Amino acid sequence: MVFISSITPKSSLGLWALKRPTSSDTSYLSKLNCYERGLLKVPYIHLKVNKPNITKSRGVTMELSITQPDDWHLHLRDGDLLETVISHSASHFGRAIVMPNLKPPVTTTAAAVAYRDSILKVLPPNSDFTPLMTLYLTDTTSPKEIKLARESGAVYAVKLYPAGATTNSQEGVTDLFGKCLPVIEEMIKHDMPLLVHGEVTSHEIDIFDREKVFIDTVLGPLVTRFPQLKVVMEHVTTADAVRFVESCKEGSVAATVTPQHLILNRNSLFQGGLQPHNYCLPVLKRETHRQAIVSAVTSGSKRFFLGTDSAPHEKQRKESSCGCAGIYNAPVALSLYAKVFEEAGALDKLEAFTSFNGPDFYGLPRNTSKIKMTKTPWKVPITYSYASGEIVPMFAGGTLDWLVS
């Protein structure tokens, strides 16, 4: 529920100040509507409106207290890069589904456990962050490996990369229906979700159409053939993906959504010149698709949940003649999600998207700790330095409105 005091006008400042409502005060809700109509219907968010510092602002400071979110799609890399980026995710999120597309890829349970241990070793002191590991599906993955993965207690899903679809996906699947059906059947047996990078890789298919073609030729037939299989369509980018997920049985098919696909459209790749730090895969799409995704996630649907797809690359590898795909958004993701929900008048639905829908789909308990977000402008660093170079974050040098504390 929401904890909101009643409000009284401060005519000399043109502001609203707060006081505790009494049993006879029946008008405080309507007065609150005059202040901020979109924040009145908050079923889960603890909202405080504090008296402003009138020497700096004539507005008010909003504070959200929400259940600690999880990140259901995260790239942490390894080595020096892992050590640099882990603190950004660990400070904001309780858990994360960690992607397995390293070099070499994480194709076995033993490799997944070793990768998890390397992550735990570089966590900040006193961090409770929990990495949830995944296996990289190949044409030769065995059903036995799925059984081992489930029994390990460390592996929570299997990732399908169509071969050549994105970073380090060369060893991905070339023929899902011809080579991977025994593995799919074993996954159903062990209630192991399949996480899908939903794009075909044929050069004959326009890059902006590859998600839709994948749905029509691969994902749709897969879900029809195996209705018991739990599927997450990762980082959806189109209205076609939204319609597909919404057409499936709730609890069987869901989708993660990134901040970049909620904030940016394909114009962001070219405005003011080529923008390599806005290049990701799946590539940004038309504005109509962005709007469809925003409508879906801010509707309150349980089928969509947070997955940043935060993907760090060294600056020179992004700003090169053949730049890498991936946007590093871990430091700014929660700020951007809050921006999207606020602009949609749906802050009351933010917590479910960030903190409830993901664990509910995976059958895991929700986090019990809280984080706070304040409506406080802050400037995003231009770069983050590490031993081998620099990483440029999303919105580098820009100012964002919501600050995670």
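None of the values given here were measured: they were computed from a predicted structure.

Calculation criteria
- Residues numbered from 1 in each chain as written.
- Predicted model: local features only at pLDDT ≥ 70, side-chain atom pairs only at ≥ 80, totals over all residues.
- Heavy atoms only, no water.
- Phe/Tyr/Trp six-rings, centres within 6.5 Å; stacked < 30°, edge-to-face > 60°.
- Helix = DSSP H or I, 4+ residues; strand = E, 2+ residues; numbered from the N terminus.
- Buried < 20%, exposed > 50% of the residue type's maximum accessible area, 1.4 Å probe, protein only.
- Lys NZ or Arg CZ within 6 Å of the ring centre and 35° of its normal.
- Core = buried A, V, L, I, M, F, W, Y, C linked by side-chain atoms within 4.5 Å.
- Contact = heavy atoms within 4.5 Å.
- Axes fitted to C-alpha atoms, helices over the stretch in contact; angles between N-to-C directions.
- Parallel < 35°, antiparallel > 145°, perpendicular 65-115°, else oblique.
- Left-handed = near helix turned anticlockwise from the far one by under 90°.
- Nonpolar A, V, L, I, M, F, W, Y, C, P; charged D, E, K, R; others polar.
- Pairing = 2+ DSSP bridges.
- Expected span 1.5 Å × (residues − 1).
- Bend = angle between axes of the 7 residues up to and from the residue.
- pLDDT = per-residue confidence, 0-100.
- Right-handed = clockwise from strand over helix to strand, strands pointing away.
- Salt bridge = Lys/Arg side-chain N within 4 Å of Asp/Glu carboxyl O.

A few points about the packing of aromatic side chains
Thought 1: This model, assessed by the stated rule, comprises nine aromatic pairs.
Thought 2: With 5.3 Å between their ring centres and 65 degrees between their planes, Tyr 337 and Phe 353 make a pair best called edge-to-face. In this pair, Tyr 337 sits in helix α12 (residues 333–343) while Phe 353 sits in helix α13 (residues 350–362), placing the two residues 16 residues apart along the sequence. Comparing Tyr 337 with Phe 353, the two get one shared label, buried.
Thought 3: Ring pairs connect the aromatic residues Trp 72, Phe 305, Phe 361 and Tyr 362, which therefore count as one cluster.
Thought 4: One Lys or Arg, Lys 230, reaches over the ring of Phe 361 and ends 4.4 Å from the middle of that ring.
Thought 5: The ring of Phe 208 is capped by Arg 266, whose NZ or CZ atom sits 4.7 Å from the centre of that ring.

Points about the nonpolar core
Thought 1: In terms of nonpolar packing, the biggest core is built from 99 residues, with Leu 76, Leu 137, Met 187, Leu 194, Leu 219 and Met 373 touching the most fellow members.
Thought 2: Here this core takes seven residues from α12, the largest share from any one element.
Thought 3: Setting aside chain neighbours within four positions, we find Leu 76 in contact with Leu 81, Leu 82, Val 85, Ile 86, Ser 89, Val 98, Tyr 115 and Ile 119.
Thought 4: By size, the runner-up hydrophobic cluster in this structure holds 14 residues, among which are Trp 72, Met 99, Ala 157 and Phe 305.

So, unusual backbone geometry
Thought 1: Between Lys 103 and the following residue, Pro 104, the backbone shows a cis peptide bond with an omega angle of -5 degrees.
Thought 2: Note that Pro 104 resides in the loop between β6 (95–98) and α3 (109–121).
Thought 3: Cis geometry marks the peptide bond from Leu 281 to Pro 282, where omega comes out at 0 degrees.
Thought 4: On the secondary structure map, Pro 282 appears in the loop between α9 (259–263) and α10 (287–297).
Thought 5: The phi torsion at Phe 395 lies on the positive side, around 60 degrees, for a residue other than glycine.
Thought 6: Here Phe 395 is to be found in the loop between β15 (389–391) and β16 (399–404).
Thought 7: Phe 395 gets classed as partly exposed once you look at its relative accessible area, which sits at 32%.

With respect to the packing of helix α7 (residues 210–225) against helix α8 (residues 239–247)
Thought 1: Taken N-terminus to C-terminus, the directions of α7 and α8 make an angle of 15 degrees; their axes are 10 Å apart at the nearest point. Between α7 and α8, the interaxial angle falls into the category roughly parallel. The hand of the α7/α8 crossing is right-handed. When α7 is examined against α8, the residues Glu 211, Lys 212, Ile 215, Leu 219, Gly 220 and Val 223 are found in contact with a partner set consisting of Asp 240, Ala 241 and Phe 244.
Thought 2: Tallied by class, residues from the contact of α7 with α8 come to five nonpolar, one polar and three charged.

A look at the sheet that holds β6
Thought 1: On the basis of which strands lie adjacent, the open sheet formed by eight strands has the order β5-β6-β7-β8-β9-β10-β11-β12 and parallel pairing. Only two strands of the sheet have a single neighbouring strand rather than two, namely β5 (71–74) and β12 (304–306). Neighbour-to-neighbour, the strand axes of this sheet turn through a mean angle of 30 degrees, independent of strand direction.
Thought 2: Of the pairings in the sheet, the one linking strand β9 (residues 194–196) to strand β10 (residues 231–233) comprises three bridges and is parallel in character. Looking across to β10, one finds that Val 196 is bridged to Met 233.
Thought 3: Taken strand by strand, α13 contacts β5, β6, β8 (155–160), β9, β10, β11 (253–257) and β12, and its axis lies near 115 degrees from that of β12.

Describing α7
Each α-helix turn comprises 3.6 residues. Residues three or four places apart therefore point the same way.
Thought 1: Counted at 1.5 Å a residue, the expected span for α7 with its 16 residues is 22 Å, and the 21 Å between its end C-alpha atoms agrees.
Thought 2: Along α7, the helix axis deviates most sharply at Asp 216, where the bend reaches about 40 degrees.
Thought 3: Among the residues of α7, Arg 210, Glu 211, Phe 214, Ile 215, Val 218, Leu 219, Gly 220, Leu 222 and Val 223 are the ones counted as buried.
Thought 4: Elements that come into contact with the buried residues of α7 comprise β8, α5 (176–179), β9, β10, α8 and β11.

Structural notes on α13
Thought 1: Across its 13 residues, α13 extends 19 Å between first and last C-alpha, which sits within 8% of the 18 Å expected from 1.5 Å per residue.
Thought 2: The element α13 is largely enclosed, with a buried count of twelve among its 13 residues.
Thought 3: Following α13 by one or two positions, Gly 363 has its phi on the positive side, about 75 degrees.

What about the confidence of the model for the chain?
Thought 1: The predicted model of the chain averages 88 in pLDDT, with 85% of residues at 70 or higher.
Thought 2: Under a pLDDT of 50 for its full length, residues 1–58 has, in the predicted model, 94 contacts with residues more than four places off or in other chains.

What about the pairing of β11?
Thought 1: A large share of β11 lies buried, amounting to five of its five residues.
Thought 2: Burial along β11 is two-sided: the residues Val 253, Ala 255 and Val 257 and Ala 254 and Thr 256 are all buried.
Thought 3: Pairing of β10 with β11, which is carried by three bridges, proceeds in the parallel orientation. Paired with Met 233 across the strands is Ala 255, a residue of β11.
Thought 4: Crossover connection from β10 via α8 to parallel β11: handedness right-handed.

Section: the pattern of salt bridges
Thought 1: In the structure shown here, the tally under the stated rule is 13 salt bridges.
Thought 2: Of the charged contacts in the structure, one is a salt bridge between Lys 375 and Glu 342, with a shortest N-O distance of 2.8 Å. Remark: Glu 342 occurs in helix α12 and Lys 375 occurs in strand β13 (residues 370–379); sequence separation between them is 33 residues.
Thought 3: Between Lys 349 and Asp 348 there is a salt bridge whose closest N-O contact spans 3.2 Å.
Thought 4: On the basis of relative accessible area, Lys 349 is assigned to the partly exposed category, the value being 27%.

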